[in-house]
Amino acid sequence: MTTTHELVTGTPREQTRARYPDEEGFVERDGVRTFYEVYGSGEPSVVLLPTWSIVHSRLWKMQIPYLATHCRVVTFDGRGNGRSDRPEEAAAYSDDEFARDALAVMDATGTRSAALVSESAGAKWALLLAAEHPERVASVIFIASALPLGPLDPALADAIRFDQQLESYEGWAKFNRHYWLEQHRDFLEFFFAQCFTEPHSTKQIEDCIGWALETTPETLVATVEAPDRVRDADAVRELAAKIRCPTLVIHGTDDAVRPVAHARELARLTGGRLVELDGSGHVPEGRDPVKVNQLVRDFVAPPPPATRRWPRGRARRKRALYVSSPIGLGHAQRDVAIADELRKLHPELEVDWLAQHPVTAVLEARGERVHPASASLANESGHMESESAEHDLHCFQAWRRMDEVLLSNFMVFLDLVREEQYDLWIGDEAWELDYYLHENPEQKTAAYVWLTDFVGWIPMPDGGEREVFLTADHNAEKLELIERFPRVRDRALFVGNLEDVTPEYFGPGLPYIPDWAKEHFSFPGYITGFDPAEFPDRELLRTELGYRNDERVCFVTVGGSGVGGDLLRRVIEAFPEAKERVPKLRMVVVAGPRIDPRRLPSHEGLEIRAYVHDLYRHLAACDLAVIQGGLTTAMELTANRRPFLYFPLRHHFEQQFHVRHRLERYRAGRCMDFAVATESDIAAAIAEEIGRDVDYRPVETDGAARAAALIAELL
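Described below are features of the structure shown in this document. (Residues numbered from 1 in each chain as written. Predicted model: local features only at pLDDT ≥ 70, side-chain atom pairs only at ≥ 80, totals over all residues. Heavy atoms only, no water.)

1. Looking at the pairing of strand β21 (residues 644-647)
So, step 1. Side chains Phe644 and Tyr646 of β21 all project onto a buried face; the interleaved residues Leu645 and Phe647 project onto the opposite face, where all are buried too.
So, step 2. Inspection of the sheet shows strand β20 (residues 624-628) paired to β21 by 4 bridges, in the parallel sense. Paired with Ala625 across the two strands is Phe644, which belongs to β21.
So, step 3. A crossover links β20 with its parallel partner β21, the connecting element being helix α24 (residues 631-639), and its sense is right-handed.
So, step 4. In the sheet, β21 pairs with strand β22 (residues 670-671) via 2 bridges, with the strands oriented parallel. Within the sheet, the bridge partner assigned to Tyr646 lies in β22 and is Cys671.
So, step 5. Once the chain exits β21 it traverses helix α25 (residues 653-665) before rejoining the sheet at β22, and the crossover so formed is right-handed. (Buried < 20%, exposed > 50% of the residue type's maximum accessible area, 1.4 Å probe, protein only. Helix = DSSP H or I, 4+ residues; strand = E, 2+ residues; numbered from the N terminus. Pairing = 2+ DSSP bridges. Right-handed = clockwise from strand over helix to strand, strands pointing away.)

Here is the structure:
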């Protein structure tokens, strides 16, 4: 056997990850290259073993970010998929070859000993390594182990005729070489539906099908034909008898691939601890990642005993943890307003913020306490920007592809609240917090408030039947969880009024959104974070901000994300013609915290600013604003009764449906379509709208106080 090691740097990346490897490379053994990654440092080390070559190491995407904050994590693509080689001969996929690959990767990464974590077929290689190389294995975790320790489900066992050509292929009869070669994708769709028996597993199934399509049916056939050392129960018992390290066996009771009875027998043979996950399927690390992450972490790197100081109940100050969404700056504006009002009602209240850029910029400028754990949050705004195209962001699909980022951030939250005591959690569109608390209601240890300014995910028309199905499936899952665990949300506040809720259905056969919202939300009214009465004299305000009364001031701003760069550029290009139409025009372009002003075009007489403090004051003073389709800026302009043009992002269902519905109700703004609006169209619209008298519906000014009063009842 020959082994070589190659370190790789600067390799291309796939879609946004919650955490990227600190080291990656290839190890070559007998002409076959295996790709590996290393995350984190220190001890202990954890090796996440590959499973069947039908998928690669991205199967562990929900575990890696969390475990890497507590351990050193090594993972590698099993031969046959990912960035590892795909040898053609069946002998290359034997159990011994996979086990030797694991040892070669451990050697290449300087991993003397490690905890092994296996999934499904990976249990065979974990068993071999623990039995025959005990000095390299500190402990073993078997998840959904696929070991021959008893009879299979009759429907599965009776249907499989792997080498026979059949007249029809239904159910498990699709586990057949001939069917794989002819109908590869259909087999994958069937197989992963069996792996994920939990309802609403569309994203997990999609992921696995995508990873499986990175290999070939011929490779899968070779893996089935490979020599099998762990071929029967006697071989398993012989190996298990040699294991001396601690073991943990995790198995779902609804596993349709391997019955839970096999896991019970494995735990008995190894003397290990058995954890049965009620209702889980064959890939619990994908579908129930919070529980699996905690089980793995507590087994391989148990946290030290807490050294808390216990304050007597009557003596200690009340504490709140505020989780504010980083997707734009609007959440920060209303959240600090609510926090201010809460402190008026409870002067002793301490508020910690779990937040990330650009929200932290607002919080720090106000002297708020941003919790140090915020530094561990994965970048949600960055993900959304990476998903955007020219003024186009498919918000729903981008959110679905952010699953590992959301889970990683929830685990940061969970670690924080396990270590520190809070009386109240507030989540403003903290989707990860709301979803995973409902998925894991036992994790709730404080009063919890949920805020949002829209209800219901709505499909875009060009998404077809598939998007209708996916959005309805997502909505249905949330509705079911909320109905099943109503105690999770102690308060649910809709930032607005019942009439602002979009008059649509959650999906075919699902409730009418306004009717459901009326039963499940309180409505404190809109929260601007300021009172327009602060600006009774616009001329005085303009003078204070440096704007002359004889000029027409147009502000162009796209919020706190970097998605609006294309809109800024087009409006800038419209400036010369707009200036011809409005000779006294003064245009101020605000790039925001995530767009480099130096990368924007410029014209004589045009101002480009990187940041404007208290932007709402400038918007109150302007004669016209040109904005994206975000709710916060649009409602600030509505409250200040300023004319504005707004350009909803294409495929952004919230801006296209929810925000537009609300603005139409307020008779506010002029909606324009970026896809068809030329520079001349924009210049003409600026000339028509600038300085126009408006007839908007009034916006309430006490929303923050009303929201705080509802929240304060929980304290």
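2. What about the packing of helix α17 (residues 403-419) against helix α18 (residues 431-439)?
So, step 1. Where α17 contacts α18, the two axes come as close as 9 Å, and the packing angle between them is 75°. Put simply, α17 runs roughly perpendicular to α18. Between α17, through Asp403, Leu406, Leu407, Asn409, Phe410 and Phe413, and α18, the contact on the second element is made entirely by Glu432, Leu433, Tyr436 and Leu437.
So, step 2. In terms of residue class, the contact of α17 with α18 is made up of 7 nonpolar, 1 polar and 2 charged. (Axes fitted to C-alpha atoms, helices over the stretch in contact; angles between N-to-C directions. Parallel < 35°, antiparallel > 145°, perpendicular 65-115°, else oblique. Contact = heavy atoms within 4.5 Å. Nonpolar A, V, L, I, M, F, W, Y, C, P; charged D, E, K, R; others polar.)

3. Regarding the packing of aromatic side chains
So, step 1. Evaluated as defined, the whole model comprises 41 aromatic pairs.
So, step 2. Aromatic side chains Trp52 and Trp180 sit 5.9 Å apart centroid to centroid with 45° between the ring planes, which places their arrangement in the tilted category. Here Trp180 lies in helix α5 (residues 177-182) and Trp52 lies in the loop between β4 (45-48) and α1 (64-67), a separation of 128 residues in the sequence.
So, step 3. Residue class for Trp180 comes out buried when judged on its relative accessible area of 0%.
So, step 4. With 4.1 Å between their ring centres and 15° between their planes, Phe98 and Trp125 make a pair best called stacked. You can see Phe98 sitting in helix α2 (residues 95-108) and its partner Trp125 sitting in helix α3 (residues 122-132), a full 27 residues away along the chain. (Phe/Tyr/Trp six-rings, centres within 6.5 Å; stacked < 30°, edge-to-face > 60°.)

4. Focus: the sheet that holds strand β10 (residues 319-324)
So, step 1. Pairing in this open sheet of 7 strands is parallel, and the strands run β12-β11-β10-β13-β14-β15-β16 from one edge to the other. Edge positions in the sheet fall to β12 (369-370) and β16 (522-525), since each has one partner strand and no second.
So, step 2. Where β10 lies against strand β11 (residues 350-354), 5 bridges are found, and the strand directions are parallel. In the strand pairing of β11, Val323 is matched with Leu354.
So, step 3. Its contacts with the sheet put α17 on β10, β11 and β13 (424-428), and the angle it makes with β10 is roughly 175°.

5. Remarks on the sheet that holds strand β18 (residues 585-590)
By definition, the strands of a sheet pair up through backbone hydrogen bonds, in either a parallel or an antiparallel sense.
So, step 1. What the 6 strands build is an open sheet, ordered β19-β18-β17-β20-β21-β22; its pairing is parallel. The strands lining the two open edges of the sheet, one partner per strand, are β19 (607-609) and β22.
So, step 2. Here α25 sits on the sheet in contact with β20, β21 and β22, set at roughly 160° to β21.
So, step 3. Sitting on the sheet, helix α26 (residues 679-689) is in contact with β18, β20, β21 and β22, with an inclination near 145° to β21.

6. Thoughts on the environment of His5
So, step 1. With respect to the secondary-structure elements, His5 resides in strand β1 (residues 3-8).
So, step 2. A residue is classified by how much of its surface remains accessible, and His5, at 42% relative accessible area, is partly exposed.
So, step 3. Taking C-alpha positions, His5 is 9.2 Å from Asp107, a pair spaced 102 residues apart along the chain.
So, step 4. If near-sequence neighbours (up to four positions away) are discounted, His5 is found in contact with Phe26, Val27, Tyr36 and Ala108.

7. Re the environment of Cys622
So, step 1. Its location among the elements puts Cys622 in the loop between α23 (615-621) and β20.
So, step 2. For Cys622 and Arg177, which are 445 residues apart along the polypeptide, the C-alpha to C-alpha distance reads 69 Å.

8. Here's the deal with α25
So, step 1. Across its 13 residues, α25 extends 17 Å between first and last C-alpha, which sits within 8% of the 18 Å expected from 1.5 Å per residue.
So, step 2. Considering bend angle alone, the principal kink of α25 is centred on Val659 and spans about 30°.
So, step 3. Burial in α25 covers these residues: Phe653, Glu654, Gln655, His658, Val659, His661, Arg662, Leu663 and Arg665.
So, step 4. Just beyond α25, the residue with positive phi is Arg667, at close to 55°. (Expected span 1.5 Å × (residues − 1). Bend = angle between axes of the 7 residues up to and from the residue.)

9. Details of the pattern of salt bridges
When the charged atoms of two side chains with opposite charge come close together, those side chains can pair.
So, step 1. Applying the stated rule across the entire model yields 71 salt bridges.
So, step 2. Lys61 is the partner of Asp207 in a salt bridge, and the nearest nitrogen-oxygen pair spans 2.8 Å. Here Asp207, found in helix α7 (residues 202-212), pairs with Lys61, found in the loop between β4 and α1; they are 146 residues apart in sequence, far enough to count as distant.
So, step 3. Using a relative accessible area of 5% as the deciding quantity, one classes Lys61 as buried.
So, step 4. When the shortest N-O distance is used, the salt bridge between Glu390 and Arg570 registers 3.5 Å. One end of the pair, Glu390, is in the loop between α15 (380-387) and α16 (395-400); the other, Arg570, is in helix α22 (residues 565-581), with 180 residues separating them in the sequence.
So, step 5. The exposure class of Glu390 is exposed, given its relative accessible area of 51%.
So, step 6. Sharing partners across several salt bridges, the network here consists of Arg29, Asp30, Arg79, Glu97, Arg100 and Asp101. (Salt bridge = Lys/Arg side-chain N within 4 Å of Asp/Glu carboxyl O.)

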